[in-house]
Amino acid sequence: MNIHGIYNRISPWFRKRRLAKFQALLQPTAETTILDVGGYPGCWPESDCPAHVTCINIDPFPGFVATSRRVMRTGNGCALEFGDQSFDIGFSNSVIEHVGTWENQQKFASEIRRVGGRLWVQTPARCFFIEPHLIAPFIHWLPKRCQRPLLRWFTVWGWLTRPTPAQVDGFLAEVRLLTFGEMQSLFPDCRIERERFLVIFTKSYIAVRHQPGG
């Protein structure tokens, strides 16, 4: 099994649980409009969520056929081509950690806060002892110069994908996990929820805004 196969087995369980919590907190209806920044329509079964969902992603989704309630567009989450408060809810799941730099994360947060009325933005917690993309413990707490020689041989990602040095550098340039304080700074008008693992460990953070903001 490759790394994508592992993700495909693990992530649907977390995604289903998050979607249930999202719906319980923000209670979207059939009339609600949602912008999913970085997501895909397959994450939004119409039987589970009746809202109108527009997914925007840098990468296109081959073969997708739009419906009256599911739309796919290409675009950059750091520079959204939508007006202020264009959607009832701005949503993002495990994307903001992939935009590379703190400056880009600030742009991403500012844009989704601008475009969405209410908000739900989830990201893995840097404090969690497992790095979720590498499936390896503790390595993400090291300086990047120390991570570089370890990624190929001491992570599940490295064993299964056998990355080239350029791919290792690309991963290190792309992924930046966030702290609780950074999430508070990025989403000052949101409550930062903690998603738990085994009750005591914080696995991820979720910025939730219940009322439209600025």
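Everything below is about the structure printed above this text.
Quick summary incoming for the structure in this document. (Residues numbered from 1 in each chain as written. Predicted model: local features only at pLDDT ≥ 70, side-chain atom pairs only at ≥ 80, totals over all residues. Heavy atoms only, no water.)

## What to know about the overall build of the protein chain
Looking only at helices and strands, one finds 6 helices and 9 strands in the protein chain. Against the globule reference of 17 Å for 214 residues, the protein chain gives a C-alpha radius of gyration of 17 Å, in line with a compact fold. The principal-axis extents of the C-alpha atoms in the protein chain amount to approximately 50 × 40 × 35 Å. When the 214 residues of the protein chain are sorted by exposure, 44% land in the buried category. Only carbon and sulfur atoms are counted for the fraction: they give 59% of the accessible area of the protein chain, which is about 10900 Å². A distance of 7 Å separates the average location of the 25 positive side-chain charges in the protein chain from that of its 18 negative side-chain charges. (Helix = DSSP H or I, 4+ residues; strand = E, 2+ residues; numbered from the N terminus. Rg over C-alpha atoms; globule rule 2.2 N^0.38 Å. Buried < 20%, exposed > 50% of the residue type's maximum accessible area, 1.4 Å probe, protein only. Areas by Shrake-Rupley, 256 points an atom, 1.4 Å probe, with all protein chains shown as cover. Lys, Arg positive; Asp, Glu negative; His and termini not counted. Charge placed at Lys NZ, Arg CZ, Asp CG, Glu CD.)

## Thoughts on the packing of aromatic side chains
Tallied over the full model, the rule gives 15 aromatic pairs. Measuring from centroid to centroid gives 5.7 Å for Phe 180 and Tyr 205, while their planes differ by 65 degrees, and the two rings are edge-to-face. In this pair, Phe 180 sits in helix α6 (residues 180–186) while Tyr 205 sits in strand β9 (residues 201–209), placing the two residues 25 residues apart along the sequence. In this structure an aromatic cluster arises from ring pairing among Phe 128, Phe 129, Phe 138, Trp 141, Phe 197 and Phe 201. Looking at Arg 152, its charged tip hangs above the ring of Trp 153, at a distance of 4.0 Å from the centre. Sitting above the plane of the Phe 180 ring, Arg 194 keeps its charged end 4.2 Å from the centroid. (Phe/Tyr/Trp six-rings, centres within 6.5 Å; stacked < 30°, edge-to-face > 60°. Lys NZ or Arg CZ within 6 Å of the ring centre and 35° of its normal.)

## Points about the layout of surface pockets
As a volume, the second largest pocket reaches approximately 240 Å³. Considering the residues around the second largest pocket, the lining is formed by 14 residues, among which Arg 126, His 140, Lys 144, Arg 176 and Leu 177 are closest to the centre. Sorting the residues of the lining of the second largest pocket by element identifies α3 (144–147) and α5 (165–174) as the ones contributing at least two each. Here the lining of the second largest pocket is composed, by residue class, of 6 nonpolar, 3 polar and 5 charged. (1 Å grid on protein atoms, 1.4 Å probe; cavity = no way out; pocket = protein on both sides within 12 Å on 5 of 7 lines; lining within 4 Å. Points joined across faces, edges and corners; volume = space filled by probe spheres on them. Nonpolar A, V, L, I, M, F, W, Y, C, P; charged D, E, K, R; others polar.)

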